[in-house]
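What follows is the residue order along each chain.
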Amino acid sequence: MCLGIPMRIAAIDGFNARCEAKGVERDVSLFMLQDESVAVGDHVMVHVGYAIQKLSQEEADSTWELLDQFLDDA
Amino acid sequence: MTADARTWLRRIERLPLPHSVKIMNVCGGHERSITMAGLRKALPGNIELVPGPGCPVCICPEEDVFEAIEIALGEQVILLAFGDMLRVPVNRPKSEPRSLEQARTAGADVRPIASPTEAVRIAQENPGRAVVFFAAGFETTTAPVAAMLAEGIPDNLSVLLSGRLTWPAVAMLLDSERPGFDALVAPGHVATVMGTEQWRFVVEKHSLPTAVAGFTPQSLLAAFYSTLRQWLEGRPFLDNCYPQLARPQGNPTAQRQLHQVMEVVDANWRGIGSIPASGFALREAYAAHDARRRFPDHADPNRKRAGEMPPGCDCAQVVLGRIYPDQCRLYGKGCTPRNPIGPCMVSDEGACRIWWSGGLRENRAMAEKTR
Ligand code: SF4
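Attention here is on the structure that accompanies the text.

Parameters and conventions
Residues numbered from 1 in each chain as written. Chains lettered and ligands numbered in written order. Predicted model: local features only at pLDDT ≥ 70, side-chain atom pairs only at ≥ 80, totals over all residues. Heavy atoms only, no water. Helix = DSSP H or I, 4+ residues; strand = E, 2+ residues; numbered from the N terminus. Rg over C-alpha atoms; globule rule 2.2 N^0.38 Å. Buried < 20%, exposed > 50% of the residue type's maximum accessible area, 1.4 Å probe, protein only. Contact = heavy atoms within 4.5 Å. Areas by Shrake-Rupley, 256 points an atom, 1.4 Å probe, with all protein chains shown as cover. Lys, Arg positive; Asp, Glu negative; His and termini not counted. Charge placed at Lys NZ, Arg CZ, Asp CG, Glu CD. Disulfide = S-S within 2.5 Å. Phe/Tyr/Trp six-rings, centres within 6.5 Å; stacked < 30°, edge-to-face > 60°. Lys NZ or Arg CZ within 6 Å of the ring centre and 35° of its normal.

Points about the overall build of chain B
Each helix and strand in chain B was counted, giving 18 helices and 11 strands. Against the globule reference of 21 Å for 371 residues, chain B gives a C-alpha radius of gyration of 21 Å, in line with a compact fold. Projecting the C-alpha coordinates of chain B onto the three principal axes gives extents of approximately 65 × 50 × 40 Å. In chain B, which comprises 371 residues, the share counted as buried stands at 61%. The long-range fraction of contacts in chain B, counting pairs at least 24 apart against all pairs at least 6 apart in sequence, stands at 76%. For chain B, the computed accessible surface area is about 14,400 Å², with 49% contributed by carbon and sulfur atoms. Positive and negative charge centroids in chain B, built from 41 and 39 side chains respectively, lie 6 Å apart.

Below you can see the structure in the form of C-alpha cells.
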C-alpha cells in the first residue's frame, strides 16, 4: 500500500484530476494538495487514489524503473 | 541496479564496519524494494536489514477484522475493504467464516476497493443500501480516508476505522529492553504526509542513527550509508534521503484534514497489545459516519487481548523484527501465499509474503533444527 504510483496530470476538474502513467488513465483526488499550486503536466505521487505530493519528472521516472521491475517479477 | 546504486554500494563496502550492525525498516514498501533488488545479498554480510512494524494489515487487531465480518454478515450492508484485508484470518471455529472472503462465500456483500474514492462512488450508486468501509492502514492510507470524510461523503457511507500511526511502534521498541536494531531507516511516504521531523525523537531521545528513505535501491542504499556513517562516527542525526517528496513538516493540508476528522487514541496492535497514542478514531462531529456507532452490536470486547495470531504463527515476532520470516516453523511449511496461515503471509506488505515472493524458499527454523 505504501509504495505509491507516480502519475502525470492530464486534466483537472475541481479537486479531481485525470492522471496518466504508462498509458493507463485514472481519476485522482487532489484534495490533499489543495493548498499547493498544481497544474496540468505536473507529476504527483498517488497513494490509494489521492495525490500526496508533487514530484519531479526525474523522480517519477526513477520510481517507474523500480515499479517496472516489480511488475516483471510478479 | 543503476550506476547510482552501485556507487552507494561501493561506498558502503569501503566503510570500516564491525562484525554486526542491524538496520531496521518499518515499511512494507521498503522491505519489498530491499528483497526484490536483492540488497541483502549485495551488501556486506555484517550488515543486517531487519524488517520491523511496516505492515498495517498484519497488526490490524483481530477484533476489528471480526467486527467487519460480523457487520458484513449481520446487516444488509455492502462491506468494502482494501483487497489485502479480505483474506486476513481470525481465530474462530472452522464452521464459522474466518475471513471477509469466507463471509462473502457465506453470502455477505463484501467488495475489495483500491481507493476511498471508490467507496464514495459505490455509496452514491447504491443510495438504498448502507455501505461500510473497513479502513485499516498507516498514515499514508488513513490521511486519504480523512480527506474523503473532510470533503463530505454520502449519508449511507460509514467507516470502520482501524488506522494506526507508525512511529509509536518504533518508540515502543526503543523503550523496550531489547530494541534489536542499531539504526533506523524511516518510511518515505509516511514522512511525505506527516513530515520527517516526526522521526527526530529516534535521534534525540535514543541517539540512534536515522535516515528517511524513498523506495528506489539508490535511495535506500543512500540511507543505509548515512546511518552507517552516523553510527561509525558516533554522531547520530536525522538525515533525509528522500527530499524530493518528504519535507520536514510533511503535507500540512493532509495533516489538517486528519486532525479535523480524527483524534489520536491508544490502540491495540494484533499480537503486540496496546500502544499509547498509536491509533486514529473518528471525532464526535463525524459520529454519524462511524460504523462502530451505527452498528454497535457487533463488537466483541472479549477479543481485545494481545497474542491472538493463529496457532503456531510467529507473525507478531516477525512484525517486531525479533525473528526473520524464514525462522517461523510454518514458513513455507503449511504457510504460503496460496495458503496463508498468518496475516504476514496474506498482505503484500507482510514480510513473510515479500520474502516468499522474492524467492526465499528455505525454512531456516527447520534447517537449524536438522543441523
Ligand atoms: S510464515 Fe506464516 S505462520 Fe509463520 S509468521 Fe509468517 S504468516 Fe505467520
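Some remarks on the state of the cysteines
All names here are of chain B. Under the defined criterion, the tally for this structure stands at two disulfides over all chains. Each sulfur of the disulfide joining C55 and C58 lies 2.2 Å from the other. Disulfide C55 to C58: torsion about the S-S bond roughly 75°, handedness right-handed. Here chain B pairs its bonded cysteines, counted in sequence order, in the arrangement 1-2, 3-4.

Some remarks on the packing of aromatic side chains
All names here are of chain B. For the coordinates displayed, the defined rule picks out nine aromatic pairs over all chains. Measuring from ring centre to ring centre gives 6.1 Å for F215 and Y242, while their planes differ by 85°; the resulting arrangement is edge-to-face. A residue pair is termed long-range when its members are at least 10 positions apart, and F215 in the loop between strand 8 (210-213) and helix 12 (217-233) and Y242 in the loop between strand 9 (238-241) and helix 13 (252-261) qualify at 27 residues. For the pair formed by F215 and Y242, the shared burial category is buried. Three or more aromatic residues joined by ring pairs form one cluster here, namely W167, W199 and F201. One cation-aromatic arrangement involves R11 over W8; the distance from NZ or CZ to the ring centre is 4.5 Å.

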